Amino acid sequence: MIVINGGHFFDLAGFYEEVSEVLMKNADWKVGTLDGFDDILYGGFGVFEPHEEIELIWKKSGKSGHDLGFEATREFYEKKIKQGKPFNTEMIREKLNDLIAQKGQTLFDILVEIIESHQNIKLILD
């Protein structure tokens, strides 16, 4: 059983710090992107091995849903659009438009989807 505590962070950078601490104890690198987060969930980088069945409890997930909700996601996309290359700004602009139209995912939704895409991980939102 692994616990992510939403009370320990309020933004995406804090989430990355939390999961780096919880999932990658004693590893020599830290999570810093959505792709990096997905990568560590394959196992073998920290506290569990590839294909190992684990239960991941996300405490204070409601707070995280708010913290990583609409505003944080809008800012995330706007920052990437402003930065430009190497990001596909056209695709990101579409995601931002979908978010504004309430058809897109928030960062919280994206993180949950990433976790749930790993069949060996049972996610419990607490």
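Residues numbered from 1 in each chain as written. Predicted model: local features only at pLDDT ≥ 70, side-chain atom pairs only at ≥ 80, totals over all residues. Heavy atoms only, no water.

Visitor: When you look at the nonpolar core in this model, what are you seeing that I'm missing?
Guide: The nonpolar side chains of a soluble globular protein tend to be buried with one another. Phe15, Leu23, Phe37 and Trp58 are the most contacted members of the largest nonpolar core, which has 35 residues in total. Within the residue set of this core, elements represented by two or more residues are strand S1 (2-5), helix H1 (12-23), helix H2 (34-40), strand S2 (54-59), helix H4 (70-83), helix H5 (89-100), helix H6 (107-116) and strand S3 (121-125). The dominant element in this core, judged by the number of residues it contributes, is H6, at seven residues. (Core = buried A, V, L, I, M, F, W, Y, C linked by side-chain atoms within 4.5 Å. Buried < 20%, exposed > 50% of the residue type's maximum accessible area, 1.4 Å probe, protein only. Helix = DSSP H or I, 4+ residues; strand = E, 2+ residues; numbered from the N terminus.)

Visitor: So what exactly am I meant to see when it comes to the packing of aromatic side chains here?
Guide: Any aromatic ring pair is given by two values, namely how distant the centres are and how the planes are angled relative to each other. Applying the stated criterion to the full structure yields seven aromatic pairs. Residues Trp29 and Phe45 carry aromatic rings whose centres are separated by 5.8 Å and whose planes lie at 85 degrees to one another, so their mutual orientation is edge-to-face. Of the two residues, Trp29 sits in the loop between H1 and H2 while Phe45 sits in the loop between H2 and S2, which places them 16 residues apart along the sequence. Classification of Trp29 as partly exposed rests on a relative accessible area of 33%. By relative accessible area, which is 39% here, Phe45 ends up partly exposed. Judged by centre distance (5.6 Å) and plane angle (55 degrees), the ring pair of Phe76 and Tyr77 falls under tilted. (Phe/Tyr/Trp six-rings, centres within 6.5 Å; stacked < 30°, edge-to-face > 60°.)

Visitor: I tried to follow the pairing of S2 on my own but got confused; where do I start?
Guide: Side-chain positions along a regular strand alternate between the two faces of the sheet. Across four bridges, S1 lies against S2 in parallel orientation. In the strand pairing of S2, Val3 is matched with Ile57. (Pairing = 2+ DSSP bridges.)

Visitor: Can you walk me through the pattern of salt bridges in this structure?
Guide: Pairing between side chains of opposite charge can happen when the charged atoms of each approach one another. By the definition in use, this model includes five salt bridges. The partner of Lys63 in a salt bridge is Asp67, and the shortest N-O contact between them spans 2.4 Å. Pair noted here: Lys63 and Asp67 are both in helix H3 (residues 61-67), with a separation of four residues, about one helical turn. For Lys63, a relative accessible area of 34% translates into the label partly exposed. Residue class for Asp67 comes out buried when judged on its relative accessible area of 18%. Taking the shortest distance from any N to any O, the salt bridge between Arg74 and Glu71 comes out at 2.4 Å. Taken together, the positions of Arg74 and Glu71, both in helix H4 and three residues apart, correspond to about one turn of that helix. Its relative accessible area of 44% is what places Glu71 among the partly exposed residues. Salt bridges linked by common partners bring Glu71, Arg74 and Glu78 together as one network. (Salt bridge = Lys/Arg side-chain N within 4 Å of Asp/Glu carboxyl O.)

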